[in-house]
Amino acid sequence: MTQSNDRKKKKTTRTQSEGRVKRPLGKLAMQDQTIRALERCIEETKPESGSNPLAIPPRKSSDKNTSHSLTGVRKFTHLPLSPETQKALRECKYKEMTAIQRATIPHAMSGRDVLGAAKTGSGKTLSYVVPSLERLYRMKWGKDDGVGAIFISPTRELAMQIFQEIVKVGGNHTFSVALLIGGKDLEKERNAVNAMNLLCCTPGRLLQHMDETPMFDCTGLQVLVLDEADRILDLGFKETLDAVLANLPKTRQTLLFSATQTKKVSDLARLSLKDPEFLSVHAESVNATPPKLQQMYTTCKVEKKIETLWAFVKSHPTQKILVFFSSCKQVKFIHEIFRRMRPGIPLACIHGRMKQTRREHVFYQFCNARETVLFATDVASRGLDFPAVDWVIQCDCPEDVQTYIHRVGRTARYTASGKALILLNEGKEATTFPELLEQAKIPIKSIKMNPKSRVKGISSSVQGLLSKDNDLKYLSQRALVCYLRSVFLQKNKDVFDVSEIDVEALSQSFGLPNAPKVKFLNAASTKKEKNKANDDKNGNKEAKKSRELSDDDDNDDDSEISSERSDDEEEEEMDSSGGEEDDASSSSSSESEEEDNSSDSDSDERMKTSAGVLKRTGGGRFKLKAGGDSDDDDDDANIEDDFLQVRRKDHALADDTEEEEKELAIAANAESEKIRQKALKGKLRIGKSGSIASVAGSEKRIVFKEDGTASKPLEALGEDAKFFAKSTAANDDALREAVKMRMKKVAEERKTADYADRGREKARLREMRAKRKVKDVGKEETRAFLDVGGSSGSDDDDNDDEDGFGGRSDDDEEDEKPFDARAFKSVKRSDAAHAGMGRRTNSDDEEEENIEEKAMRLLNEKLG
Ligand SMILES: Nc1ncnc2c1ncn2[C@@H]1O[C@H](COP(=O)(O)OP(=O)(O)OP(=O)(O)O)[C@@H](O)[C@H]1O
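Parameters at a glance
Residue indices begin from 1 for each chain and proceed along its sequence in written order. It should be noted that, the model being predicted, local features are given only for residues of pLDDT at least 70 and side-chain atom pairs only at 80 or more, the latter also being counted only at that level, while totals for whole chains, interfaces and linings use all residues. Water and hydrogen atoms play no part in the side-chain values, which are based on all heavy atoms of the structure. Stacked, tilted and edge-to-face are the three classes applied to pairs of Phe, Tyr and Trp rings, where Trp contributes its six-membered ring and a pair requires centres within 6.5 Å; stacked means planes under 30 degrees apart, edge-to-face means over 60, and tilted covers the rest. Strands are runs of DSSP state E lasting at least 2 residues, helices are runs of H or I lasting at least 4, and numbering of each runs from the N terminus. Burial classes follow relative accessibility: with a 1.4 Å probe on protein chains only, a residue under 20% of its type's maximum area counts as buried, one over 50% as exposed, and anything between as partly exposed. In this analysis the charged atom, NZ for Lys or CZ for Arg, is taken to sit over a ring once it is within 6 Å of the ring centre and within 35 degrees of the ring normal. Scored between 0 and 100, pLDDT is the confidence that the predictor attaches to each residue. Contact criterion: two residues are considered in contact whenever any of their non-hydrogen atoms come within 4.5 Å of each other. Here a residue counts as near a molecule or strand whenever at least one of its heavy atoms sits within 4 Å of it. Polar contacts, as counted here, are pairs of nitrogen or oxygen atoms within 3.5 Å of one another; within protein the pair requires one atom able to donate a hydrogen and one able to accept it, and residues that are adjacent in sequence qualify only if both atoms are side-chain atoms. Exposure was quantified through the Shrake-Rupley algorithm and a 1.4 Å probe, taking into account, for residues, occlusion by the shown protein chains and nothing else. Residues are grouped as follows: Ala, Val, Leu, Ile, Met, Phe, Trp, Tyr, Cys and Pro are nonpolar; Asp, Glu, Lys and Arg are charged; all remaining types, including Gly, are polar. Start and end positions for the domains come from either an automated domain assignment or a database one. Here the expected span of a helix is defined as 1.5 Å times the quantity of residues minus one. Think of a salt bridge as a Lys or Arg side-chain nitrogen and an Asp or Glu carboxyl oxygen that are within 4 Å of each other. Between any two strands, pairing holds if DSSP finds at least two bridges. The definition of a nonpolar core used throughout is a set of buried Ala, Val, Leu, Ile, Met, Phe, Trp, Tyr and Cys residues joined through side-chain atoms within 4.5 Å. Helix axes are fitted only over the stretch in contact, all axes being lines through C-alpha atoms; the angle between N-to-C directions runs from 0 to 180 degrees. Orientation is classified from the angle alone, with under 35 degrees giving roughly parallel, over 145 giving roughly antiparallel, 65 to 115 giving roughly perpendicular, and any other angle giving oblique. Each crossing gets its hand from how the near helix is turned against the far one by less than a right angle, where anticlockwise is left-handed and clockwise is right-handed. Method remark: on a 1 Å grid restricted to protein atoms, a set of points is classed as a cavity if a 1.4 Å probe fits but cannot get out and as a pocket if it is open with protein on both sides within 12 Å along at least five of seven lines; lining residues have an atom within 4 Å of a point. Grid points are joined across faces, edges and corners, and a volume is the space filled by probe spheres set on the points.

Trainee: Before we move on, can you summarise the packing of aromatic side chains with the specific residues and values?
Mentor: In the structure shown here, the tally under the stated rule is 11 aromatic pairs. Taken together, a centroid distance of 6.0 Å and an interplanar angle of 40° make the contact between Tyr 128 and Phe 151 tilted. Here Tyr 128, found in helix α6 (residues 124–138), pairs with Phe 151, found in strand β2 (residues 149–152); they are 23 residues apart in sequence, far enough to count as distant. Relative to Phe 433, the ring of Tyr 404 has its centre 6.2 Å away and its plane inclined at 65°; by these criteria the two rings are edge-to-face. Within this pair, whereas Tyr 404 is found in helix α16 (residues 401–408), its partner Phe 433 is found in helix α17 (residues 428–439), the two being separated by 29 residues in sequence. A relative accessible area of 1% places Phe 433 in the buried class. Ring pairs connect the aromatic residues Trp 310, Phe 325, Phe 338 and Phe 375, which therefore count as one cluster. Residue placement shows Lys 320 over the ring face of Phe 366; its charged tip is 5.1 Å from the ring centre. Of note, Lys 493 hangs over the ring of Phe 488, and the distance from its end group to the ring centre comes to 6.0 Å.

Laid out in structure tokens, this is it:
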């Protein structure tokens, strides 16, 4: 009280001494004054249009305290920014600006359109967040003014990250900000979206609101930001983005950022840019990738990749590793088998077919993790700022150099260092891709895997896992076909050649006793052989040359489809029942890897090619069809999901409940802790007593039974043990021969079992198809009945019903309608059980398989 009286006194004195009574400025008047000062400063110090602010020498230190400036300053505090933004930047400990920030913020704050390009992890996010917030601040944007800025990103996770950055840097302002991404509650968003000032969104979800949310209005938009602009502007998002742009005012500021920026005039025309400033701060740089990024490649046979990855993961138990694959199915499969083989480090996976809640959970978990392996598709390749990633491993060669740059950019961010390793297939990939990287100024060196660090082949363990679990086996088949398809569809035929792949050997490495018949491979090789035969016959080199050219054209058409989409059609191509037509096995989906909103438009988008559209035909198959529209294909995702969930009672697959996740995380953490302890204490072995003893004790190995009691190493083999034990004593050659015979026998048995499984699967699918037909007929009759009553049926309905899943098309919807989903699943479960597809219950079989596995392991160990 006393203090405030004193203050009042002082104020009065001051105003009296000035000779007139002046009331203290109100909050709004103060804001007006600040805004006027900022505008004056911006106007006076803005850079010349077309100039690069980085080229302007730093201001003299004597100038710094007198006024703010847009150019020649290196610190945020010297920029003409609102007190709210300044405070937040201080709180976030952002002091010095990065090169891209110094280059683009001055132009962006002058109200110009900007195309910013800089290496990954160089701070592009702040380069657009700060100017956008400041523009709205200076315009005194308020609640009733509606949407003032829109930030579009190609993936949900990136939108989440931008949202968080806006909340951090704009937290002291009074703006409202919303995150609009697929998988969230649409109704909630609808109620709130009209009152929002800033929107962080994926293109599909934004368009969905534009189309469906009453009164949603963006006509007052001031700033449009496209992060990863080249990706958003490419074919996959074309129609969605064009539709979004049609709803936005042309008089706006547009900011485009990416590490691999587009310069295409056509793109710029689509965005109606006005004299854009193109600022590529690292264009002159010696390298296109971050300076502290160490890049390596190694070559190996394609069938050795899984075991190479396994060896890598096993030998890096204390690292944070991000592993990229080209398709969701591969991610699921590798995650699942590695998880079951317990490498001693927590494992996680992320891909576009996961439910949003789980995706978010995995994303945040990996952000906070210390040592973990995250298996991912390219959904995690762009923009994501996972802290402290030690390694980025690319198990599949990316489709182009740009994708490579974004993937490796998940490590060595800002000032951190990191390592990246790419596994290239022996053949064209290994010879051509490193050349492409070099041409793109990417410093990469070849390394050989340390032979000592190589663990023994794991394919027998994988086979063992698959033989016990049909779900896993089908997942393996799908993963394999997805991989083959992704190679087949790649545009650059100098790098990717599916005919180089030894499918039989690859299948073995995927744990499959038999290689699945892949139709597109058969067609491709028949065509190749035919051409070769003709060429040999005619000896006409010219004809050969021209055909090669036209082949390339064909390929171009196909390969416009991103490799991620290989998941979508993989089962169309796979004939698990020995080459016969089987539409129920075609559980494909056009889910967009990067953005799969409940709106189907994006999914459809991803199926499009420059020359045509992958069109679902009456039989449920996709065909390349010029100029058509693609139907809703997502329904099939449900087939797959249900298919995988059928036997969840017995065991868990990747998309499981959170409790299971927690259990697994605890188990994996415990395991990794054990390994760490082991690494710390030196080499330890399990002693006779079951306790851990040092190597010096030279104890023999013991084997634990299922119930945890210890047994002698060969005891588990039963009768065979005697033979093996004797052989051991007698001579190693006999033992080796015995192992070979045994392995052959096991392989034969697995093959036979596999054929039987296929037969059962075929029967199940046939039954499903029959049921679907009955349902279709029922629906037709109903529709006919309704038609009579005046309701109009459409051809589209037919297509929807083709799957028999009532048009439900998205995991997200499943989230929203849990009861429908559950009811549906129980039907599937009983179907499968009826068709004899349940987990093999023959305990003898299982016992035998366990013994086989143990035998293999023990004998392999013995023989080294
Ligand atoms: N001026 C700065 N001072 C300190 N840290 C910064 C600054 N600018 C950005 N960062 C930090 O650098 C990291 C990378 O920033 P950001 O994600 O914006 O990079 P990017 O260029 O957008 O990368 P990408 O091309 O992968 O999208 C973030 O963790 C961010 O907090």
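Trainee: So what about the confidence of the model for the protein? Which residues, and what values?
Mentor: Scored by pLDDT, the protein comes out at a mean of 72, with 61% of its residues at no less than 70. Note that pLDDT drops below 50 for residues 541–661; the model gives that stretch 328 contacts with residues more than four away or on any other chain. pLDDT under 50 marks residues 682–700. Its contacts with residues more than four places away, or in other chains, come to 25 contacts.

Trainee: Could you give an account of the site of the ligand, naming the residues involved and the relevant values?
Mentor: Looking at the ligand, there are 19 residues lining it, with Glu 96, Gly 121, Lys 124, Thr 125 and Asp 385 nearest. Here an oxygen atom of the ligand and a side-chain polar atom of Tyr 94 are 3.0 Å apart. Between the ligand and Gly 123 there is a distance of 3.1 Å, counted from an oxygen atom to a backbone nitrogen or oxygen. Out of a free accessible area of 640 Å², the ligand has 89% covered by protein chains. The element best represented in the shell around the ligand is α6, accounting for 3 residues. Here the shell around the ligand is built from residues that sort into 4 nonpolar, 8 polar and 7 charged. Both domains that meet at the shell around the ligand, namely domain 1 (28–57 + 69–280) and domain 2 (293–455), each give it at least three residues.

Trainee: Run through unusual backbone geometry, naming residues and quoting values.
Mentor: The residue Glu 228 is not glycine, and still its phi comes out positive at about 55°. Along the chain, the position of Glu 228 falls in the loop between β5 (223–227) and α10 (229–232). Looking at Glu 228, the relative accessible area reads 4%, which means it is buried. The backbone of Asp 275 sits at a positive phi, close to 35°, despite the residue not being glycine. By the element assignment, Asp 275 lies in the loop between α12 (265–270) and β7 (277–280). We classify Asp 275 as exposed; its relative accessible area is 66%.

Trainee: Before we move on, can you summarise helix α14 (residues 328–341) with the specific residues and values?
Mentor: Within an α-helix, residues lying three or four positions from one another point in the same direction, as the helix has 3.6 residues per turn. Its 14 residues place the ends of α14 20 Å apart at the C-alpha level, agreeing with the 20 Å of an ideal helix rising 1.5 Å per residue. The buried fraction of α14 amounts to 13 of the 14 residues, a majority that puts the element mostly inside the structure. After α14 finishes, the residue Arg 342 shows a positive phi value of roughly 50°.

Trainee: Kindly report on the pattern of salt bridges, identifying the contributing residues and their values.
Mentor: When the charged atoms of two side chains lie near each other, side chains of opposite charge can form a pair. Applying the stated criterion across every chain yields a total of 26 salt bridges. For Lys 771, the salt bridge goes to Glu 767, with nearest N and O atoms at 3.8 Å. Separated by 4 residues within a single helix, Lys 771 and Glu 767 lie in helix α28 (residues 732–788), roughly one turn from each other. When salt bridges with common partners are traced through the structure, they connect Lys 238, Asp 242, Asp 267 and Arg 270 into a single cluster.

Trainee: Which residues make up the pairing of strand β8 (residues 293–300), and what values go with them?
Mentor: A large share of β8 lies buried, amounting to 6 of its 8 residues. With 8 bridges connecting them, β8 and strand β13 (residues 418–425) associate as parallel partners. Residue Thr 299 lies in a different strand from β13, and its bridge partner there is Leu 424. Pairing between β8 and strand β14 (residues 445–446): 2 bridges, direction parallel. Opposite Met 296, over in β14, you have Lys 445 as the bridge partner.

Trainee: Which residues make up the nonpolar core, and what are the values?
Mentor: Counting 128 residues, the largest nonpolar core has Leu 309, Phe 333, Ile 337, Phe 338, Phe 375, Phe 386 and Leu 484 as its most contacted members. Among the elements that take part in this core, helix α19 (residues 470–489) stands out by supplying 10 residues, more than any other. Dropping the residues within four chain positions of it, Leu 484 is found in contact with Val 498, Ile 501, Val 503, Leu 506, Val 518, Phe 520 and Leu 521.

Trainee: For the packing of α14 against α19, give the residues involved together with the corresponding values.
Mentor: Two elements in contact, α14 and α19, have axes separated by 8 Å at closest approach and are oriented at 135°. Relative to α19, the element α14 lies oblique. Here α14 runs over α19; the crossing is left-handed. Here Lys 329, Gln 330, Lys 332, Phe 333, Glu 336, Ile 337 and Arg 340 of α14 lie close against α19, whose contacting residues are Leu 472, Leu 475, Ser 476, Arg 478, Ala 479, Cys 482 and Tyr 483.

Trainee: Run through the sheet that holds β14, naming residues and quoting values.
Mentor: Reading across the sheet, the 7 strands line up as β10-β11-β9-β12-β13-β8-β14 and stay open at both edges, with parallel pairing between neighbours. Across the chains shown, the open sheet's two edge strands, defined by having one partner strand only, are β10 (347–350) and β14. Both strand β12 (residues 391–394) and β13 contribute to a ladder of 4 bridges, which runs parallel. Across the sheet, residue Ile 393 finds its bridge partner in β13, namely Leu 421.

Trainee: Just give me the short version of empty space enclosed by the protein, but keep the residues and values in it.
Mentor: Under the defined criterion, the tally for this structure stands at 7 cavities of 30 Å³ or more. Its boundaries defined by the atoms lining it, the largest cavity holds a volume of some 100 Å³. What lines the largest cavity is simply Val 302, Lys 305, Ile 306, Phe 325, Gln 330, Ile 334, Cys 395, Asp 396, Tyr 483, Leu 506 and Phe 510. Of all the elements in the fold, those that place two or more residues in the lining of the largest cavity are α13 (305–314) and α14. Residues belonging to the lining of the largest cavity are distributed by class as follows: 8 nonpolar, 1 polar and 2 charged.

Trainee: How would you explain the pairing of β2 if you had to name every residue and give the values?
Mentor: The two faces of β2 match: Ala 149 and Phe 151 on one face and Ile 150 and Ile 152 on the other face are all buried. Sheet topology note: the β2/strand β4 (residues 198–201) ladder contains 4 bridges and is parallel. Within β4, the position partnered with Ala 149 by the bridge is Leu 198. Both β2 and β5 contribute to a ladder of 4 bridges, which runs parallel. If you follow Phe 151 over to β5, its bridge partner there is Val 225.

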